[in-house]
Amino acid sequence: MTTLQALSNQEAPSLIEAVFPAQKVSFEAQSERKAVAAQTLTGLGSYWKGRKPLILVRAIILGSLLPQTGDSERDLEIFEKLMAFDDHGLARRAFAQGDLKPKHIAVRVSLSNPWDFFTFTGFDDLPKDSRILNVECPFDADEEGINLRWARDVSEDTKIELIERALATFASYEEKASLCKRPEEVDQDWLYAPIWPAVNEHFAQWGVSARSIPELVEQMGILRFGRRPRVGDTFSGGGSIPFEAARLGCDTYAADLNPIACMLTWGAMNVIGAPKKQREMFEDAQRAVMLKVDQELIKLGVEHDDKGNRAKAYLYCLETECPETGWMVPMLPSRVISPKLGAIAKLTPDHANKRFTIDVVSNVSAKELKAAEKGTVDDGDLVYELDGKTYRTPVKTLRGDYRGADGSTLNKLRRWEKSDFIPRPGDIFQERLYAIQWITKDSIYEHRQNTYFRGISDLDLEREQKVAELVASSLETWQAEGLVSDMAIEPGYNTNQPIRERGWTHWHHLFNSRQILLQAITQKAWRESDAAALGWLNLAKMADFNSRLCRWATSQGGGLGGPKGVFSNQALNTFYNYATRSWSGFGVGSFRMAEEPLPNVEREVVSAPADQPARRCDYWITDPPYADAVNYHEITEFFIAWLRKNPPPEFSDWIWDSRRALVIKGSGDDFRRGMVGAYSAMAEHMPDNGMQCVMFTHQDTGVWSDMVGIFWAAGLQVVAAWYIATETTSELKKGGYVQGTVILMLRKRQEGERTGFKQRILPAVRAEVQRQIESMMNLNEEVKDKLGEPVFNDSDLQMAGYAAALKVLTAYTQIGGEDVTNFALRPRQSGEVTVVDEIVQQAAEAANNLLVPEGLGAETWARLTGIERFFFRMMDMETTGAKKLDNYQNFAKAFRVEDYARVMGDMAANGARLKTVTEFASRDLSDSTEIGPTWLGQLIIGLQQLLAEVEPQVVIGQIQADLPEFLEARPLLIDMLAFFERKAAPKEVRDVAEVLGARMKNLRALGQ
Ligand SMILES: C[S@@+](CC[C@H](N)C(=O)[O-])C[C@H]1O[C@@H](n2cnc3c(N)ncnc32)[C@H](O)[C@@H]1O
């Protein structure tokens, strides 16, 4: 038997350079996202947006470590076993999920002896000759009127085997996997128990012998690098990449410039993945702190009423003086408080004091509830009725907006001073408590609390006053001690908003008296505990959920109403009314820690810029801030402001500042320079046989050129690219457009100079694109024959086309006489088309040329325009049931279609489709559209006419008249019509396509 020899497999190409089950990874990544708050790392802080799916990271690391053995098909099979994507893995995952019940199995599989496996109530009392005793599967238990269960002595293995057989009757991976738990949710030893003999045999030539994923990872590392592999990420953000790397058994190095990112990464490694003992310690510490804070608040007497009920949430609104009447008017976009309890705010004029009293009324009628949706702020105006007259004043006017000398919009809001925490008398916007959500005395500490809403009493106001006085007298000390933020808000894209809209100048202005008090005493309690680092994570979460930027959302809690977190989106939006949580509003909820602690590997988290890695890593896997929609640096200042002074020892080496100047952002020249610095440094800190993976959003070919220039200048060569659709349907709805992630794999470029010229490179690029796509298509055929589903879809082939081009290109050090580093760093003129742009575009075209839809001749394909190709390609895809919008979007980009929406019948994220022939209006086919002047456009008009019962002769005559090149085009038109005849969905279209095609052929026969 071969024994494992260190470094005996140093140069083996990685599996991910040849195959990757991108479709399955996409599906699993989306399932992970759909778990929303139940995602493994989200509990640490849902304010951090854009964590990469763990399953994707897992696939990348395993795909990088596993070698190619020369048998791609078997390599892929083993890889899928390791990902639990194979049929048996799915069956185990489905067993764990428990959705596939005996009755579902009985109706799907053939069994001559169902009663060896199933039973139902009353089974034992049946007479021997009962028909049901002799029934065979498949049968429908519901139709038989029986409730099937597993028979008592059926083993787990047998159940799983039957589940596997039932799963085999589903057509697609998606259908199967949607009946399953996610792989990470299942006990790992149990999930993978059966795979090890096959895995070890597949890698027997290297002496691999593993019984768990971490063991396999370690052995693969020894074969390649002589040690357990180390994975690094210098843009670690929320920590997905290092967390998953550690979970797989790699040593890890994580760095980020931002201390909040570092803290979240630390939390992933040390809280979510904590060993059992540590976990218990954390849980004890968390309970102790909650108790301490509770006792302190009880002592202060600021959250309970005189009957012992306790507040859960306080609702505040702004109040402002109407310039027309001089009345103080509460600013409430809606008066609804709780739809479920029928609670609304009722405004009554108080003429003596020129203000409104606000009562809270519950159990109102549906009609009153509806009427209460109309508040006093509407479409940017303050609107209210007084004595039968409506007054309307734009909020802009209230604020006193005016243009500054430089053209910017300024206003007359007083800028708050550092000592402020509530509005001063005379400020344009005052603040008013208008309702309290109470918890009944006896249910305060219960899991299910009884709550109700009430208006504000004098005693409530006294308690408010008490809190305000407490804060006023302590603020300075608390700020000096770092218990309360004293940091000024630095202007910026997101941070300007609270300054402009409220006059707030310091971060603590985003918090009211109660919020400041709660934050201060909680921070004090955490500092005194043994788990202050955990406390820091808690305090950040608390700030997110307890600020003046927390909107009261009536839909929360099933319509009961509740506060939203500040970062429910990625901006610092201010609100006219908002909610404040009390201690009870937070509950004693703790972090959901992993059942299985991380293996005992090295995990380092440092705060450092990406161009200064402190370690050498075998793999660098990164998700850099490319043209990021999220301004992490600005947004995280909200948290840094509260946490930066006296951080716990674990975090005390980090620089507690967002270091805006060092952040890599945007997509311009600075961005490219920053990225080249970072990737050069990572390449230098990597062994020659190491690899890098960079993830970025797929936008257009311009992105590819940018990224390639960067990696090229960093001394890296592209070796593969894959496309993963990572967004879920609900995210799509908001964004309106789809974003997938491109996974680019890179290795170090070989030493030495290589000079190339465009004329020489282009043919080499085309040849490599062809080689790559053809080899993938071959594998597709083989796997499809065997398993019924191909491995790659057209988007994968497209990406592989780009990657192939870049592989050729990035092997050179000089292109057309220009050094690649100069090329990458040189400022771009707007609209400039670089050599790389050209080559990438050529590669896309070379790939497109090969992607001939099944049933269309290659000659026809070669002659079609972009929109025609798009249409036929998507028609072909639709016949396979594909209906994801991102497919349409990617191909529209690939074929350079300007306005693909024009030919779309539906653009729903998961229900997209082309227009059918009859859905095209004449304006869609006019000469000013993309499709109108094409042959396809002509044919669509022709088919429409035939459907309207125009004589075929007349239709042909019209086409002949409109197409001067008719004779030459005729064979191609016939080919296109044959395609319609085979692939168009409505039967009547197929029929008329057949008629028109036959007529055209006849023309030829008649020699016309
Ligand atoms: C897209 S996020 C990474 C998200 C992460 N992969 C995850 O799953 O949560 C990019 C990160 O890059 C960090 N960053 C930006 N410029 C940096 C620099 N110059 N050095 C190090 N980190 C930087 C940001 O703080 C941010 O956390």
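Computed from a prediction, not measured in an experiment: that's the story for all the values here. (Residues numbered from 1 in each chain as written. Predicted model: local features only at pLDDT ≥ 70, side-chain atom pairs only at ≥ 80, totals over all residues. Heavy atoms only, no water.)

Draft legend 1. Structural detail: the overall build of the protein chain. The helix and strand tally for the protein chain stands at 37 helices and 29 strands. In terms of overall size, the protein chain behaves like a compact globule, its C-alpha atoms giving a radius of gyration of 33 Å where 1008 residues would be expected to give roughly 30 Å. Looking at the protein chain residue by residue over its 1008 residues, the buried ones come to 56%. In the protein chain, the share of contacts with a sequence separation of at least 24, taken over all contacts with a separation of at least 6, comes to 74%. Summed over all atoms, the accessible surface of the protein chain reaches about 42400 Å², with 48% contributed by carbon and sulfur. (Helix = DSSP H or I, 4+ residues; strand = E, 2+ residues; numbered from the N terminus. Rg over C-alpha atoms; globule rule 2.2 N^0.38 Å. Buried < 20%, exposed > 50% of the residue type's maximum accessible area, 1.4 Å probe, protein only. Contact = heavy atoms within 4.5 Å. Areas by Shrake-Rupley, 256 points an atom, 1.4 Å probe, with all protein chains shown as cover.)

Draft legend 2. Region of interest: the site of the ligand. By nearness alone, 25 residues border the ligand, and Lys 52, Gly 238, Asp 256, Ala 610 and Asp 623 come closest of all. Within the side chain of Asp 623, an N or O atom sits 2.9 Å from a nitrogen atom of the ligand. Starting from 600 Å² of accessible surface for the ligand in isolation, the protein chains cover 97%. Counted by class, the shell around the ligand contains 12 nonpolar, eight polar and five charged residues. (Near = heavy atom within 4 Å. Polar contact = N/O pair within 3.5 Å; in protein donor to acceptor, adjacent residues only side chain to side chain. Nonpolar A, V, L, I, M, F, W, Y, C, P; charged D, E, K, R; others polar.)

Draft legend 3. The packing of helix α34 (residues 935–947) against helix α36 (residues 966–983), seen in detail. Running from N to C, α34 and α36 point in directions that differ by 60 degrees, and their axes come no closer than 11 Å. When the interaxial angle is binned, α34 and α36 end up oblique. Relative to α36, α34 is oriented so that their crossing is right-handed. In contact with Trp 935, Leu 936, Leu 939, Ile 940 and Leu 943 of α34, α36 contributes Ala 969, Leu 972, Leu 973, Met 976, Leu 977 and Phe 980. Class assignment of the residues belonging to the contact of α34 with α36 gives a composition of 11 nonpolar, no polar and no charged. (Axes fitted to C-alpha atoms, helices over the stretch in contact; angles between N-to-C directions. Parallel < 35°, antiparallel > 145°, perpendicular 65-115°, else oblique. Left-handed = near helix turned anticlockwise from the far one by under 90°.)

Draft legend 4. Here's a closer look at the nonpolar core. Counting residues in each nonpolar core, the largest one holds 208 residues, and the members touching the most others are Tyr 679, Phe 870 and Phe 980. With sequence-adjacent residues up to four places away left out, Tyr 679 is seen in contact with Phe 235, Thr 622, Pro 624, Gln 692, Val 694, Ile 710, Phe 711, Ala 714 and Leu 716. Counting 78 residues, the second largest nonpolar core, distinct from the first, contains Ala 268, Met 269, Val 566 and Phe 651. (Core = buried A, V, L, I, M, F, W, Y, C linked by side-chain atoms within 4.5 Å.)

Draft legend 5. Looking closely at the confidence of the model for the protein chain. Looking at the protein chain, pLDDT values average 91 and 96% of them are 70 or higher. Overall, residues 728–738 carries pLDDT values under 50, and its contacts beyond four positions in sequence, including any with other chains, amount to 15 contacts. (pLDDT = per-residue confidence, 0-100.)

Draft legend 6. Molecular detail of the sheet that holds strand β25 (residues 755–756). Strands sit in the order β25-β26-β27 across an open sheet of three strands; the sheet is mixed. Because the sheet does not close on itself, it has two edges, and the strands there are β25 and β27 (818–819). In this sheet, β27 lies alongside strand β26 (residues 814–815) in antiparallel orientation, the contact comprising two bridges. Paired with Gln 814 across the two strands is Asp 819, which belongs to β27. (Pairing = 2+ DSSP bridges.)

Draft legend 7. How the structure looks around helix α1 (residues 22–34). Taking 1.5 Å as the rise per residue, α1 with 13 residues should run 18 Å; its terminal C-alpha atoms sit 18 Å apart, in good agreement. For α1, the buried fraction is high: 10 of the 13 residues fall into the buried class. Taken as a whole, α1 has its buried residues at Ala 22, Lys 24, Val 25, Ser 26, Phe 27, Glu 28, Ala 29, Gln 30, Glu 32 and Arg 33. Once α1 ends, the next one or two residues include Val 36, with phi positive near 45 degrees. (Expected span 1.5 Å × (residues − 1).)

Draft legend 8. Structural view of the environment of Leu 44. Structurally, the position occupied by Leu 44 is in the loop between α1 and α2 (54–65). In this structure, the C-alpha to C-alpha distance between Leu 44 and Ser 922, residues 878 residues apart in sequence, is 55 Å.

Draft legend 9. Quick look at the packing of α2 against helix α11 (residues 213–225). Their axes nearest at 10 Å, the elements α2 and α11 cross at an angle of 40 degrees. Taken together, α2 and α11 sit at an angle that is classed as oblique. Here the hand of the crossing between α2 and α11 comes out left-handed. Contact residues: Arg 58, Leu 62, Ser 64 and Leu 65 in α2; Ile 213, Val 217, Met 220, Gly 221, Arg 224 and Phe 225 in α11.

Draft legend 10. Main features of the state of the cysteines. Counted according to the given criterion, the structure contains zero disulfides. Residue Cys 550 stays outside any disulfide, its sulfur separated by 16 Å from that of Cys 317, the closest cysteine. Cys 550 gets classed as buried once you look at its relative accessible area, which sits at 0%. We note that Cys 693 lacks a disulfide partner, and the nearest cysteine sulfur, in Cys 250, lies 13 Å from it. Taking relative accessible area as the criterion, Cys 693 reaches 1% and is therefore assigned buried. (Disulfide = S-S within 2.5 Å.)

Draft legend 11. Focus on the environment of Glu 818. Turning to its location among the elements, Glu 818 is positioned in strand β27. In sequence terms Glu 818 and Thr 755 are 63 residues apart; their C-alpha atoms lie 9.0 Å from each other. Sequence-distant contacts of Glu 818, that is, excluding residues within four places in its chain, are made with Thr 813, Phe 823 and Arg 826. Only 2.9 Å separates the side chain of Glu 818 from the side chain of Arg 826, close enough to count as a polar contact.

Draft legend 12. Inspection of the sheet that holds strand β21 (residues 619–622) at higher detail. Read from one edge to the other, the open sheet built from seven strands follows the order β20-β4-β3-β21-β22-β24-β23, with strand pairing classed as mixed. Two strands close off the open sheet at either side, each with one partner strand: β20 (603–607) and β23 (716–725). Here the average twist between neighbouring strands, direction ignored, is 20 degrees.

Draft legend 13. Highlighting helix α32 (residues 866–878). Along its 13 residues, α32 runs 18 Å from first to last C-alpha, staying within 8% of the 18 Å computed at 1.5 Å per residue. The complete set of buried residues in α32 reads Ile 867, Glu 868, Arg 869, Phe 870, Phe 871, Phe 872, Arg 873, Met 874, Met 875, Asp 876 and Met 877.

Draft legend 14. Main features of the pairing of strand β5 (residues 310–321). Buried residues dominate β5, accounting for 10 of its 12 residues. Sheet analysis places β5 next to strand β15 (residues 430–439), joined by nine bridges and oriented antiparallel. In the sheet register, Cys 317 faces β15, and the bridge partner there is Arg 432. Here β5 runs beside strand β19 (residues 577–581); their pairing, made up of five bridges, is antiparallel.

Draft legend 15. Up close: unusual backbone geometry. In this structure, the amide linkage connecting Cys 137 to the following residue, Pro 138, adopts the cis form with an omega of 5 degrees. By the secondary structure assignment, Pro 138 is in the loop between β1 (118–119) and α6 (141–144). Phi at Asp 379 takes a positive value of approximately 55 degrees, unusual for a residue other than glycine. Topologically, Asp 379 is positioned in the loop between β10 (377–378) and β11 (381–386).

Draft legend 16. How the structure looks around the environment of Phe 545. By the element assignment, Phe 545 lies in helix α20 (residues 532–545). Remark: the alpha-carbon pair of Phe 545 and Glu 283, spanning 262 residues in sequence, is separated by 21 Å.

Draft legend 17. Inspection of the packing of aromatic side chains at higher detail. Under the counting rule described, the total for this entry stands at 43 aromatic pairs. Ring centres of Phe 870 and Tyr 900 lie 5.8 Å apart, and the angle between their planes is 70 degrees; on these two criteria the pair is classed as edge-to-face. You can see Phe 870 sitting in helix α32 and its partner Tyr 900 sitting in the loop between α33 (885–894) and β28 (904–906), a full 30 residues away along the chain. Judged by relative accessible area, which is 12%, Tyr 900 ranks as buried. One aromatic cluster in this structure is built from Tyr 47, Trp 507, Phe 511, Phe 567, Phe 638, Phe 639 and Trp 642. Positioned over the ring face of Phe 170 is Arg 108, at 3.7 Å from the centre of the ring. (Phe/Tyr/Trp six-rings, centres within 6.5 Å; stacked < 30°, edge-to-face > 60°. Lys NZ or Arg CZ within 6 Å of the ring centre and 35° of its normal.)

Draft legend 18. A look at the side chain of Asp 886. Its location among the elements puts Asp 886 in helix α33. Buried within the structure, Asp 886 lacks any salt-bridge partner; its nearest side chain of opposite charge belongs to Lys 884, at an N-O separation of 6.5 Å. At a separation of 3.0 Å, a polar atom in the side chain of Asp 886 contacts the side chain of Tyr 723. (Lys, Arg positive; Asp, Glu negative; His and termini not counted. Salt bridge = Lys/Arg side-chain N within 4 Å of Asp/Glu carboxyl O.)

Draft legend 19. Just the side chain of Lys 159, in detail. Along the chain, Lys 159 turns up in helix α7 (residues 156–167). Despite its burial, Lys 159 pairs with no opposite charge; the closest candidate is Glu 156, at 7.3 Å N-O. Ignoring sequence-local partners within four residues, the contact set of Lys 159 consists of Phe 95, Trp 150 and Val 154.

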